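What follows is each chain in one-letter form.
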Amino acid sequence: SLRRRLENGPRPALIVSTGLAGGLASDLKSGDIVFAERAFEGTLDHPFANAVRRFRSGRFYCAHHVLDAHEKHRIHAESSADVVEMESAAVEEVAREFGLDAIFVRVVLDPVDQELPLDFNAVSDSQMRVRVERILPKLIARPSRIPKLLQFKRQVDQCSQILAEALRDCVTVSACDQFPASSSSTSQSR
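**Quick word on the pairing of strand E6 (residues 102-110)**
- Where burial is concerned, most of E6 is hidden: nine out of the nine residues are buried.
- Note: strand E2 (residues 33-38) against E6, six bridges, orientation antiparallel. In the sheet register, Ala36 faces E6, and the bridge partner there is Phe104.

Laid out in structure tokens, this is it:
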């Protein structure tokens, strides 16, 4: 969909990819924000990127499935990546194809040692979308998973809120940097 958008519309100055990630580095906790930059030429110079730099810079590992805690430890040891997610490689490929800068911002959902309440690979379709009809039989078979799944849902909501607020702040800061108020308009608005 990003490729179609770029083929058919005006090109943005910067691609911003956001979402959830699993922690790989042991010092990352749920709610921490990590970013990575991909500059097409030289250094990424954009007000939004400058605003995002207040968060932790990190290495991303793009997986094709949800990793369990054991796999996360192994991937961290092999790659030294800080977080794992599933979209950045595809977005980066399209950005490179169109010669566009990109920044990736993720909030850590599950720290490296947190076991997930379900095997999300088993309840997802080929596009890695969680399917309710696949979750229900697992919950019926083991109802003891329900409290952990509800707790995880609250964690998802909380991390999503943290990311949304952080991105809103970055947009606000970058807009102020990009369009600073002139002294005459500032004095008139007082």
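Past the structure itself, the notes keep going.
**Overview of the sheet that holds strand E1 (residues 15-23)**
- The strand order across the open sheet built from six strands is E3-E2-E6-E1-E5-E4, with neighbouring strands paired in mixed fashion. A single partner strand is all that each edge strand has here, and the edge strands are strand E3 (56-57) and strand E4 (60-62).
- Across three bridges, the pairing between E4 and strand E5 (residues 83-85) is parallel. In the sheet register, Cys62 faces E5, and the bridge partner there is Glu85.
- Each of E1, E2, E4, E5 and E6 is contacted by helix H4 (residues 88-98), which is oriented at about 175° to E6, the strand it contacts most.

**Considerations on the layout of surface pockets**
- For the largest pocket, the calculated volume is near 980 Å³.
- Mapped by element, the contributors of at least two residues to the lining of the largest pocket are E1, E5, H4, E6 and helix H6 (145-178).
- Broken down by element, the lining of the largest pocket gets its largest block of residues, six residues, from H6.
- Classifying every residue of the lining of the largest pocket by side-chain character gives 21 nonpolar, six polar and five charged.
- Taken as a whole, the second largest pocket holds about 150 Å³ of empty space.

About the cut-offs
- Residues numbered from 1 in each chain as written.
- Predicted model: local features only at pLDDT ≥ 70, side-chain atom pairs only at ≥ 80, totals over all residues.
- Heavy atoms only, no water.
- Buried < 20%, exposed > 50% of the residue type's maximum accessible area, 1.4 Å probe, protein only.
- Helix = DSSP H or I, 4+ residues; strand = E, 2+ residues; numbered from the N terminus.
- Pairing = 2+ DSSP bridges.
- Contact = heavy atoms within 4.5 Å.
- Axes fitted to C-alpha atoms, helices over the stretch in contact; angles between N-to-C directions.
- 1 Å grid on protein atoms, 1.4 Å probe; cavity = no way out; pocket = protein on both sides within 12 Å on 5 of 7 lines; lining within 4 Å.
- Points joined across faces, edges and corners; volume = space filled by probe spheres on them.
- Nonpolar A, V, L, I, M, F, W, Y, C, P; charged D, E, K, R; others polar.

Keep in mind that these numbers describe shape and distance, not what the molecule does.
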